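Notes for the structure review
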Amino acid sequence: EEALYRASKLRHVGLGPKDVTTAPSNLVVSVSVGSVRTLQPLGVADDTWPQGVPNPDHPRNGAHALIVGWSGLSTNVRRRYQKKLAELAAFVYPEPSP
């Protein structure tokens, strides 16, 4: 399951990539909001304090967001955008080995 957090909002409360993990096997990747918005009609919308998440009172949830704009896209177009998002992503936690 994926979760999306705004890095600037995490930093504002003193949190970083490790703080959004909920299991030792979690990986954290980064994609800028601007990069997401280049894939119109996709965009990013804040979704602070979502319901039904593990540890709902954890401060990371104040930085929760959603990638929006998927509705109405065909399966093929959706997959194409998902692939482009994956290509834009950079691993940030755990830090990649040199």
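Structure: see above.
Scope of this entry: the structure provided in the associated data block.

Structural notes on the pairing of strand 4 (residues 64–68)
As defined by bridge partners, strand 1 (residues 4–5) adjoins strand 4 across 2 bridges and the pair is classed as antiparallel. Note that in strand 4 the partner of Leu-4 across the bridge is Ala-65. Across 4 bridges, strand 3 (residues 43–46) lies against strand 4 in antiparallel orientation. By the bridge assignment for strand 4, Ala-45 is matched with Leu-66.

A closer look at the layout of surface pockets
In this structure, the largest pocket spans a volume of roughly 1500 Å³. Of all the secondary-structure elements, those providing two or more residues to the lining of the largest pocket are strand 1, helix 1 (7–12), strand 2 (28–30), helix 2 (33–37), strand 4 and helix 3 (75–88). Here the residues of the lining of the largest pocket are counted per class, giving 26 nonpolar, 10 polar and 7 charged.

A closer look at the environment of Ala-63
Note that Ala-63 resides in the loop between strand 3 and strand 4. Considering only alpha carbons, one finds Ala-63 and Ala-90, 27 residues apart in sequence, at a separation of 19 Å. For Ala-63, the contacting residues outside a window of four places in its chain are Leu-4, Tyr-5, Arg-6, Lys-9 and Leu-10.

Rules of the game
- By convention here, each chain's residues receive numbers from 1 onward along its written sequence.
- Only residues with pLDDT of 70 or above have their local features reported here, since the model is predicted, and side-chain atom pairs are shown and tallied only from 80 upward, although totals for entire chains, interfaces and linings are computed over all residues.
- Where side-chain values are given, they derive from all heavy atoms of the structure, hydrogens and water being excluded.
- Strand pairing is assigned whenever DSSP identifies at least 2 bridges connecting the two strands.
- Working definition: helices are DSSP H or I runs of at least four residues, strands are E runs of at least two. Numbering for both runs from the N terminus.
- A cavity here means a set of points on a 1 Å grid, drawn over the protein atoms and nothing else, where a 1.4 Å probe fits but cannot get out; a pocket is an open set with protein on both sides within 12 Å along at least five of seven lines, and a residue lines either one if it has an atom within 4 Å of a point.
- Grid points are joined across faces, edges and corners, and a volume is the space filled by probe spheres set on the points.
- Here the nonpolar group is Ala, Val, Leu, Ile, Met, Phe, Trp, Tyr, Cys and Pro; Asp, Glu, Lys and Arg are the charged ones; every other residue, Gly included, is treated as polar.
- Throughout, a residue-residue contact means that at least one pair of heavy atoms, one from each residue, lies within 4.5 Å.

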